[in-house]
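Given next are the chains, with one letter for each unit.
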Amino acid sequence: MTVNTPSKDDGRGLRERLEDIPRGRLVDEVVSRWDDMIRLEGEIASLRRRVREAELVAKGSGTDGALVSDLEERLRVADSRVRQLEGMMENEKARRMGAEADADRLTELQEENARLLRNEEELLLLVLDMEAQIERLSNT
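Quick caveat, the model's predicted, so the values are computed rather than measured.

Rules behind the numbers
Residues numbered from 1 in each chain as written. Predicted model: local features only at pLDDT ≥ 70, side-chain atom pairs only at ≥ 80, totals over all residues. Heavy atoms only, no water. Helix = DSSP H or I, 4+ residues; strand = E, 2+ residues; numbered from the N terminus. Buried < 20%, exposed > 50% of the residue type's maximum accessible area, 1.4 Å probe, protein only. Areas by Shrake-Rupley, 256 points an atom, 1.4 Å probe, with all protein chains shown as cover. Patch = residues over 30% accessible without salt bridge, like charges linked within 9 Å, V, L, I, M, F, W, Y side chains within 5 Å. Salt bridge = Lys/Arg side-chain N within 4 Å of Asp/Glu carboxyl O. pLDDT = per-residue confidence, 0-100.

Colleague: Now, about the overall build of the protein chain: what can you tell me, with residues and values included?
Modeller: Summing up its helical and strand segments, the protein chain has 3 helices and 0 strands in all. Of the regular secondary structure in the protein chain, the N- to C-terminal order runs α-α-α. Evaluated residue by residue, the protein chain yields a buried proportion of 2% over its 140 residues. By element, 58% of the accessible surface of the protein chain is carried by carbon and sulfur atoms, the whole surface being about 12,600 Å².

Colleague: Describe a nonpolar patch on the surface, with residues and values.
Modeller: On the surface, a cluster of nonpolar side chains totalling about 340 Å² of accessible area is made up of Trp34, Met37 and Ile38. As for its placement among the helices and strands, isoleucine 38 is situated in helix 2 (residues 23–59). Here isoleucine 38 falls in the partly exposed class, since its relative accessible area comes to 48%.

Colleague: Describe the pattern of salt bridges, with residues and values.
Modeller: Inspection of the entire model under this criterion finds 8 salt bridges. For glutamate 43, the salt bridge identified is with arginine 39, shortest N-O distance 3.0 Å. Placement of both glutamate 43 and arginine 39 in helix 2 is noted, with a separation of 4 residues, approximately one turn of the helix. Using a relative accessible area of 38% as the deciding quantity, one classes glutamate 43 as partly exposed. Look at arginine 39 and you get partly exposed, because its relative accessible area is 43%. Between glutamate 92 and arginine 96 there is a salt bridge, with the nearest N and O atoms lying 2.9 Å from each other. Of this pair, glutamate 92 and arginine 96 both sit in helix 3 (residues 61–139), 4 residues apart, which is roughly one turn of the helix. Given a relative accessible area of 55%, arginine 96 falls into the exposed group.

Colleague: Please set out the confidence of the model for the protein chain residue by residue, giving values where relevant.
Modeller: Residues at a pLDDT of 70 or more form 88% of the protein chain, whose mean pLDDT is 84. When the elements of the protein chain are averaged for pLDDT, helix 1 (residues 14–20) gives the smallest value, 83, and helix 3 the largest, 88.

Shown next as structure tokens:
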């Protein structure tokens with residue numbers, strides 16, 4: 001049996017139950033309950049202050065309405081700007097992908113051009129060699 005949970009079937013009064021509890025323990029219980037009461041009173045004061053603040057805000061809702069509508073308008077503008085920037089980003093991604101594809105195609109064309117130039121050079125050397133042989137054969 002403690003102060004917090006007295007036995008229900010014990011017909012004795014509060015005074016008799018408290019006499020059975022050691023004095024030091026009773027003092028600890030009283031101090032603990034006192035601290036709890038002080039803490040709860042502080043919480044109650046804080047809650048009352050918050051209620052008063054909420055009531056003041058509710059009474060001044062005419063000015064808050066303008067503030068809310070201003071904030072909502074700012075939010076709409078910000079959302080619009082976000083959508084615009086997202087569109088610009090998608091366009092830039094598409095442009096870069098196109099530029100990358102163009103760069104890849106340009107590289108392929110340059111390689112093809114270099115290959116064709118080497119082939120042309122080989123053919124030119126072959127033609128010159130054939131002309132030299134034809135001239136040599138015609139002179140003999």
